[in-house]
Structure formats: C-alpha cells, structure tokens
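What follows is each chain in one-letter form.
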Amino acid sequence: MTSFQEMWAELLPVGRSASSGGYRRFAWNTADAECRAWFEQQARSRGLTYELDRNGNQWAWLGDPRGQGAIVTGSHLDSVPDGGAFDGPLGVVSSFAALDELRSRDAELTKPLAIVNFGDEEGARFGVACIGSRLTAGVLGRDQAYELRDADGVRLPDAMEKAGYDPTAIGADDDRLSRIGAFVELHVEQGRYLTEEHPVGVASAIWPHGRWRFDFHGEANHAGTTRIEDRRDPMLTYANTVLSARKKAKLAGALATFGKVAVEPNGTNAIASLIRGWLDSRAADEATLERVVEEIRQAAYERGERDGVRVELTRESYTPVVDFDGPLRDRLAKRLGNVPVLPTGAGHDAGILASAIPTAMLFVRNPSGVSHSPAEYAEEADCLAGVAALADVLEDLACQ
Ligand code: GLV
Ligand code: MN
Ligand code: MN
Ligand code: MN
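Conventions adopted
Residues numbered from 1 in each chain as written. Chains lettered and ligands numbered in written order. Predicted model: local features only at pLDDT ≥ 70, side-chain atom pairs only at ≥ 80, totals over all residues. Pairing = 2+ DSSP bridges. Helix = DSSP H or I, 4+ residues; strand = E, 2+ residues; numbered from the N terminus. Axes fitted to C-alpha atoms, helices over the stretch in contact; angles between N-to-C directions. Contact = placed C-beta atoms within 7 Å. Buried ≥ 20, exposed ≤ 12 C-beta atoms within 10 Å, placed from the backbone. UniProt positions renumbered as here; feature names shortened; annotations may be inferred. Core = buried A, V, L, I, M, F, W, Y, C linked by C-beta atoms within 7 Å. Domains from an automatic or database assignment. Near = placed C-beta within 6 Å. Nonpolar A, V, L, I, M, F, W, Y, C, P; charged D, E, K, R; others polar. Expected span 1.5 Å × (residues − 1).

1. As for the sheet that holds strand β9 (residues 255-264)
- What the four strands build is an open sheet, ordered β9-β11-β7-β12; its pairing is antiparallel. Each edge of the sheet is formed by a strand with only one pairing partner; in this case those strands are β9 and β12 (310-319). Neighbour-to-neighbour, the strand axes of the sheet open up by a mean angle of 20 degrees, direction not taken into account.
- For strand β7 (residues 209-217) and strand β11 (residues 274-282), the ladder comprises nine bridges, and the chain directions are antiparallel. For R211, the partnering residue across the bridge sits in β11 and is D280.
- Here helix α8 (residues 234-252) sits on the sheet in contact with β7, β9, β11 and β12, set at roughly 10 degrees to β11.

Listed below in structure tokens is the structure:
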C-alpha cells in the first residue's frame, strides 16, 4: 500500500514541462496515458476491481461494481496547459489514501465504494470541459462528441482510438449512474476562500459558466505598405473586445477572461486576416452571465463595424448554475464539525453529475489561491486533513 506522500511523489514528474514547471496532461496524450496507467496500478495493487467505462473514465471498486447505492469519490488527472500539480490529482490521490484509511479503521462498508478518474475534465484539448462526465450524464451527446476536434484537427474519437480506447460505445451511461448513491469529489480550493482555522470546506454551489469563441475576420495585408485608412485589422477589434470584457464583467460583479487566442497567418510583418479569441465567462447567476456576454458581444460588433471587421460569435459550451444536494452538503459539513460552506467559480465533474445524482464536494485550503498555474499549492498538512475528512465522509455514507 502506497502512502499519500508516495503516491504524490509518483505522479509529480508525469507530464511536467521542464521549461515551465507546469503540467501538460491533455486528453489521450502520452502524459495522460501514464497517469491512467498509474491509476490502474493503484487499483490493482490494492486488490480493487478495475474497470474502464464506455466513455474512457477509470473506476476502482471496493465491493460489487454492480451493487446498488454505491458511494463514489475521485476527480481527474488531466491538466490545463501548464497547470498545477493539485487541480485534479489531489482528489484522486486523496481518494486512494482515504480508502486505505477506511480499511485500516476496519470500517464495515454496507455499500460498494468506488474511486473514479474522469477523462478530460479541463477540456484543454477539445475545447469542452468535463467531457468524460458530460458524456456519462448525457449532457454531451455522442454525435456532438464525435465532431469535436483539437487544434491540429484530430477528432476526439480518433484520438481515443489512437490511445487504444474504443470510441464506438461513448454516450450516456444511465445504468451506471442509477447504481450510484452519492458522489463526493475532493478538490484543491482555487481562490483563497478558506480561512486560517479551516483547512477543509464543503462546496455549496458552482457559478454558471461557459466558453464562447469570437471570430474576428479582417484582411491580411502588408505591415509596411498598407495605409492606416485601408486596413481591416482584426487585432484592433480583438484588443478592444478584451478591454470591454474586463469592464463589463467588473461592473456586473462577474468574470470574463480571454486566455486563448489564435492568429492567422501569425506573421510579424502581416496584418492578421483572422483572430480567434476564446472568452471564458462566469457569474453568480445565469441572468448576469447572459447579460455580460451579450454586452461583450455588442461591444465587439460595434467595434468591428468601425474597423471593417466581421465578428462571429459561437457558444462552445455552457454549464448552468449548480446547487449541490442540500441534505448531503449539510451532512458533510456537520460530520466535519461545521466547516465553512462556500461556492466556487471553478467547474468540476461533480457539477456535471449533480444533475443526475446526489453530489457534494470537499475543498482543501489553497493559501495563495493560485490555480491553473505551476504555482498552485497546498500544504501537506492540509492535504492530509483533506484525506481524513474524505475518509470520515465516506465512512459516514458507505457504512450506514
Ligand atoms: C476547470 O477547472 C474550470 O473551471 O475551468
Ligand atoms: Mn481546473
Ligand atoms: Mn479540477
Ligand atoms: Mn475544473
């Protein structure tokens, strides 16, 4: 049996970039395969039943995988580009450590217990987050998934197949979900919202959020000879839209981020012909989110008219507000000694599953609040407090 620290040390080098120190574990790439092999090995070395579901999510079962009312925990092992070590892996490693803790307590489980590694939570490769859980819950259809492509034009099913997985059966997995009594995901907190005296908290809600792609169509031309008045430069429209997004979001108490951009033809001495900018926007409620995105759209279109640039907007994904199961949330908070209950702006597989089954989340303190960055960090003592909390919660749910 490997301890929390040993498991952590095993995963730490996998997919880590030597230049940035961040992780590049993207769906179906080599680093992802190494993480998956690690998961399978952890399951088998503990004598758990290892299972791969139709959507490429990995499961490790203590007890009967076909039993009713299973208690499931876990998270994901993939990362954003140059992500941190904790977002995702902390939940998976803590799950194995909590299961070990339950065994050492001789806890008498009355329900099957499972650990899951959901595939492609971050959506770094195919643009849609939480693909594994969305497919399972049926909120991403098989046909839609088949159309997803990465930046090199590789289709999702082809990437899956190349990695040795069968994509033909992907789709909603109602049967699996019907056998789950509750899902609890432990995750590093991502915004400095846990206070000094509390290393662990419980999630109340996830802000509604989505991804929108702006295409700014201009005209390629020579940087040295094209008169200012003759230019149709999409870079101007894009830059202005970024500034508007910041202003509109701030006024509304929402968030709007352009973190990814693609430029064509991407030459220093050529005016761009096309800029693609991806907007990630989030707010406490759906009406505010819709209003902010509409205001950003209007600002982009107005500016585009001035610049002679045609603007197109495509919504690539959307996750409505998630209110986690009230009784489950209260039960966890009480079991852990009335710890803080807090919302988050980050998306999670737990948020996707919440529409189908009772779902809750535990957060482990993040002293700097930095996440989706190589600097993401949590103290080891806090991580171990998270493991103990998860074990307590699982024992409460699986032994009743
Ligand atoms: C995923 O972590 C997200 O919230 O974007
Ligand atoms: Mn993340
Ligand atoms: Mn995550
Ligand atoms: Mn996430």
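Now that the structure has been shown, the text picks up again.
2. Regarding unusual backbone geometry
- For the bond from E264 to P265, the omega torsion is -5 degrees, close enough to zero to count as cis.
- Along the chain, P265 turns up in the loop between β9 and β10 (270-271).
- Phi is positive for R192, close to 60 degrees, though the residue is something other than glycine.
- For N266, which is not glycine, the phi torsion reads 70 degrees and is therefore positive.
- Position of N266 among the secondary structure elements: in the loop between β9 and β10.

3. Some thoughts on the environment of V261
- One can find V261 in strand β9.
- Residue classification places V261 among the partly exposed positions, given that 14 C-beta atoms sit within 10 Å.
- In sequence terms V261 and D233 are 28 residues apart; their C-alpha atoms lie 15 Å from each other.
- If we skip the residues at most four places from it in the chain, V261 touches I275, R276 and G277.

4. A look at the UniProt feature "binding site: Zn(2+) 2" (unreviewed entry) in the chain
- Taking the numbering used here, the UniProt-annotated feature "binding site: Zn(2+) 2" (unreviewed entry) corresponds to D87, E122 and H372. Spanning 286 residues, the named residues form one tight spatial group whose C-alpha atoms are at most 9.8 Å apart.
- Looking at the element boundaries, D87 is found in the loop between β3 (70-76) and α3 (89-104).
- For D87, the contacting residues outside a window of four places in its chain are S79, V188, S371, H372 and E376.

5. Focus: the nonpolar core
- Grouped together as the largest cluster of nonpolar side chains are 107 residues, with contacts concentrated most on A114, L362, L390 and L394.
- Element by element, the count of residues in this core is highest for helix α12 (residues 380-398), at nine residues.
- Looking at which domains feed residues into this core, each of domain 1 (4-207 + 321-398) and domain 2 (209-319) supplies at least three.

6. A word on the pairing of β3
- Buried residues dominate β3, accounting for seven of its seven residues.
- Of the two faces of β3, the one carrying A70, V72, G74 and H76 and the one carrying I71, T73 and S75 are both buried.
- Examined bridge by bridge, β3 and strand β5 (residues 180-188) share four bridges and lie parallel to one another. From the neighbouring strand, I71 faces β5, where its bridge partner is A182.
- Inspection of the sheet shows β3 paired to strand β4 (residues 113-118) by six bridges, in the parallel sense. Pairing of G74 across the sheet is with V116, part of β4.

7. Comments concerning the site of ligand 1
- Around ligand 1 lies a shell formed by E122, A129, A346 and G347.
- Across the shell around ligand 1, the residue classes break down as two nonpolar, one polar and one charged.

8. Some points on the domain arrangement of the chain
- We note that the domain assignment places domain 1 (4-207 + 321-398) and domain 2 (209-319) within the chain.
- Taking the mean C-alpha position of each, domain 1 and domain 2 sit 33 Å from one another.
- Here the side of domain 1 that touches domain 2 is composed, by residue class, of four nonpolar, four polar and no charged.

9. Quick notes on the environment of V387
- Tracing the sequence through the fold places V387 in helix α12.
- Residues V387 and L90, spaced 297 residues apart in sequence, show a C-alpha to C-alpha distance of 9.4 Å.
- Leaving out residues up to four positions away in the same chain, V387 has contacts with F4, S94, A97, A98 and E101.

10. A look at α8
- Between its first and last C-alpha atoms α8 spans 27 Å; for 19 residues at 1.5 Å apiece the expected length is 27 Å, and the two agree.
- All buried positions along α8 are accounted for by P234, L236, T237, Y238, T241, A245, K248 and A249.
- Residues of α8 that are buried make contact with β7, β9, β11, α9 (286-307) and β12.
- Just downstream of α8, G253 is the residue with a positive phi angle, here 70 degrees.

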